[in-house]
Amino acid sequence: MSTSICNEELEEIRQTFQNADEDNNGYICASELSSLLQELNFPLPGYKIRELLKTLDKDNDSRISFEEFTAILTDLKDDKLAQQFKRALNKREGIVNLGGTSEISSEGTQHSISEQERFAFANYINSSLEKDPDCASLLPIDPNTEQLFKAVENGILLCKLINLSVPDTIDERTINKKKLTHFTTQENLNLALNSASAIGCQVVNIGALDLKEGKPHLVLGLLWQIIKIGLFADIELSRNEAIAALLEEGESLEELMKLSPEELLLRWANFHLKKVNMSISNFSGDIKDSLAYFHLLEQIAPDGSKDDAPRIEVDMSGQYQSDLTKRAELMLVQADRLGCRQFVTATDVVSGNSKLNMAFVATLFNKHPALTKPENQDWTPISETREERTFRNWMNSLGVSPHVHHIYGDLIDAIVILQLYEKTKVKVDWDSRVNMPPFKGIGGGHLKKIENCNYAVELGKDKAGFSLVGIAGQDLYDANETLTLALVWQLMRRYTLTILEDLGGGEGDVICDDLIISWVNKTLADAGKTSSIKSFKDKSIGTSLPVLDLIDAIQPSSVNFDLVKKEVQSDEDKLDNAKYAISMARKIGTKVYALPEDLVEVNTKMVMTIFACLMGRGMKRA
């Protein structure tokens, strides 16, 4: 990879790649490359597609990996065909080029934003938050202007949107809402960014200043991540058992549960389209003529069988309109009758904007799934535990690829685990020790995956100093829940302590639990606080009072103790304090992944990360 590329540019390339990867398998094939070029108004004949694919495809597997895609956009600067392709990326309909200098790079960089996305997100925010009194001065946002980028500058709208996607992520009491100053605005933006990270958004290269300045490409990228998490929240079997109706012949429930939300959406659309002998393979080229949408709307429209949903008869006559844009508009009129005209315009449908069309289909699913749980099914889907969700969100916030949807199944080739090692300063020998996808051979290349898993365990034992007694590569490949979590926890712990070490938290000493506890108690005492902790198991932590005192010690007068239950009488009191404490920690600039329940229950592992992260914040202040 070129050494001249900055992290911000890398994220932009990643977004482009993910948009092109229509089936979300982590690769771009010839047909997807052809579709992307057509969408970019840069169609090429077949032989040129093959020539470009050959240039990109360094390992000759007839498809392009993210690494290969990145190489062509950064390294092949003298290749004329590559330059044509790179220029084409900026010709997409609805794309505006923005020149600017990022914090990360001193070089002028060029970023592209989608006017279509700006329009869609502004309308979504208008409709979703229109009744929120705290957003009254910010809404409605004119989607035809740059007003969206101005609306996020004080952080209130972002905090509200995060709570809309994942309720109760942010304690409303911690949002600064009145008489905002530069400092209180900064706090709001810190709260929004750290909370976004806690729900799994990648915010590694986004700072509060970027949002305050309304940098369009960063604002749109963050908004999409937040909105997408909310849209996909219920597209999983544990939260909607009727999804079991999508089981195909010979498929196990476990296999269905491993599908990503994008894959489930496509499965759901085809489940209904099958009734009219139709199918689609993507949310871009296959929906441009609106025919699949017309039939999907007809199949999912309420039939009047439920008292709270009167029958809606979808007018199918629009499918015969010859003009595709007019046909798409007629289709959207029908979608509006179902309360689902969100995210796309007729132009978005006809141009095949995969991101916005996927959001549109997710809206259809969420409002009108039209699925019935199969009868006589002797199973109970297991919901993701809090710990599993916390670890998954932590991984995704660091930008691992592929995105982790299911913590066990998505780690069995160890590719994500090896990326996490690198983020904790453990060197990975990618060239000679790691087998990269696609995995070919017997059983889908399971031997190569096991080799990766063996290497992951080896690194943990020999390089990271992890306690991995009884854990073998086979256990990771078999998705052994207990043993996989044991490794992931140690990676998260090492990541947290590595950040502390970078800040000089140990002053030459090895960071350990005792050192963190000692720092916590000294900081509390120096600030005149009466609370202290003996260990991360200390029952007093369940009241959240030591945490709140420490936050106030790190940033004096930040905690409003009038909102704190000082005499904790019940579990409700504990949870109330914990919600306030977690949000306050994030507000003063601490990246906390733990949940309020972790404090209430004094979950030793998560409690340790909270105090370690607060120590890191305190070291920055010092």
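That block above? That's the structure.
Here goes a summary of the coordinates provided.

Analysis parameters
Residues numbered from 1 in each chain as written. Predicted model: local features only at pLDDT ≥ 70, side-chain atom pairs only at ≥ 80, totals over all residues. Heavy atoms only, no water. Helix = DSSP H or I, 4+ residues; strand = E, 2+ residues; numbered from the N terminus. Buried < 20%, exposed > 50% of the residue type's maximum accessible area, 1.4 Å probe, protein only. Contact = heavy atoms within 4.5 Å. Areas by Shrake-Rupley, 256 points an atom, 1.4 Å probe, with all protein chains shown as cover. Core = buried A, V, L, I, M, F, W, Y, C linked by side-chain atoms within 4.5 Å. Salt bridge = Lys/Arg side-chain N within 4 Å of Asp/Glu carboxyl O. Expected span 1.5 Å × (residues − 1). Phe/Tyr/Trp six-rings, centres within 6.5 Å; stacked < 30°, edge-to-face > 60°. Polar contact = N/O pair within 3.5 Å; in protein donor to acceptor, adjacent residues only side chain to side chain. Axes fitted to C-alpha atoms, helices over the stretch in contact; angles between N-to-C directions. Parallel < 35°, antiparallel > 145°, perpendicular 65-115°, else oblique. Left-handed = near helix turned anticlockwise from the far one by under 90°. Nonpolar A, V, L, I, M, F, W, Y, C, P; charged D, E, K, R; others polar.

1. Some remarks on the overall build of the chain
- A tally of regular secondary structure across the chain gives 28 helices and two strands.
- Classification of the 622 residues of the chain by burial places 55% in the buried group.
- Sequence separation of at least 24 residues holds for 59% of the intrachain contacts in the chain that already meet a minimum separation of 6.
- Counting only carbon and sulfur atoms, one obtains 48% of the accessible surface of the chain, whose full area is about 28000 Å².

2. Here we look at the nonpolar core
- Counting 92 residues, the largest nonpolar core has Phe121, Ile125, Leu157, Leu158, Leu222, Leu265 and Trp268 as the members making the most contacts within it.
- Ranked by the residues each element gives to this core, the list is headed by helix H11 (residues 216-232), at ten residues.
- Non-local contacts of Leu157, meaning those with residues more than four positions away in its chain, are made with Ile125, Leu129, Leu138, Leu139, Ile141, Ala151 and Val152.
- Judged by nonpolar contacts, the second largest core, of 79 residues, contains Leu487, Leu500, Trp519 and Ala594.

3. Concerning the pattern of salt bridges
- Under the counting rule described, the total for this entry stands at 28 salt bridges.
- When the shortest N-O distance is used, the salt bridge between Asp598 and Arg386 registers 3.5 Å. Separated by 212 residues along the polypeptide, Asp598 in helix H27 (residues 596-600) and Arg386 in helix H18 (residues 386-397) bring together distant segments of the chain.
- Overall, the relative accessible area of 27% leaves Arg386 in the partly exposed class.
- Of the charged contacts in the structure, one is a salt bridge between Asp526 and Lys522, with a shortest N-O distance of 2.9 Å. A residue pair is termed a helical-turn pair when its members lie 3 or 4 positions apart in one helix, as Asp526 and Lys522 do in helix H24 (residues 513-526) at four residues.
- By relative accessible area, which is 57% here, Asp526 ends up exposed.

4. Some words on helix H21 (residues 446-462)
- With 17 residues, H21 extends 24 Å between its outermost C-alpha atoms, agreeing within 8% with the 24 Å of an ideal straight helix rising 1.5 Å per residue.
- Turning to H21, its buried residues number three or more, namely Lys449, Ile450, Asn452, Cys453, Tyr455, Ala456, Val457, Leu459 and Gly460.
- Looking at the buried side of H21, the elements it contacts are helix H19 (415-423), helix H20 (430-433) and helix H22 (473-477).

5. Concerning unusual backbone geometry
- The omega torsion of the bond from Ser401 to Pro402 falls at 5°, within 30 degrees of zero and hence cis.
- For Pro402, the location among the structural elements is in the loop between H18 and H19.
- In the segment running from Pro437 into Pro438, the intervening peptide bond is cis, with an omega of 5°.
- Locating Pro438 in the fold gives a position in the loop between H20 and H21.

6. Section: the packing of aromatic side chains
- Across all of its chains, the model carries seven aromatic pairs by this definition.
- Both rings, one in Trp268 and one in Phe365, keep their centres 5.4 Å apart while their planes meet at 85°; by these two values the pair is edge-to-face. With Trp268 in helix H13 (residues 261-273) and Phe365 in helix H17 (residues 354-367), the pair connects residues that are 97 residues apart, well separated along the chain.
- Classification of Trp268 as buried rests on a relative accessible area of 0%.
- Classification of Phe365 by relative accessible area gives buried; the value is 3%.

7. Some words on the side chain of Thr169
- Along the chain, the position of Thr169 falls in the loop between helix H8 (156-165) and helix H9 (182-198).
- A relative accessible area of 12% means that Thr169 is categorised as buried.
- From its side chain, Thr169 meets the backbone oxygen of Val166 in a polar contact 2.6 Å long.

8. Things to note about the environment of Glu115
- Residue position: Glu115 is located in helix H6 (residues 115-129).
- According to the relative accessible area criterion, Glu115 is partly exposed, its value standing at 34%.
- Separated by 29 residues in sequence, Glu115 and Asn144 place their C-alpha atoms 8.3 Å apart.

9. Quick look at the packing of H18 against helix H23 (residues 481-502)
- At a closest axis distance of 11 Å, the pairing of H18 and H23 adopts a crossing angle of 50°. Relative to H23, the element H18 lies oblique. As for the relative orientation of H18 and H23, their crossing is left-handed in sense. Residue-level inspection shows Glu387, Glu388, Thr390, Phe391, Trp394 and Met395 of H18 in contact with H23, the latter providing Glu481, Leu485, Val488, Trp489, Leu491, Met492 and Tyr495.
- The residue inventory of the contact of H18 with H23, partitioned by class, reads nine nonpolar, one polar and three charged.

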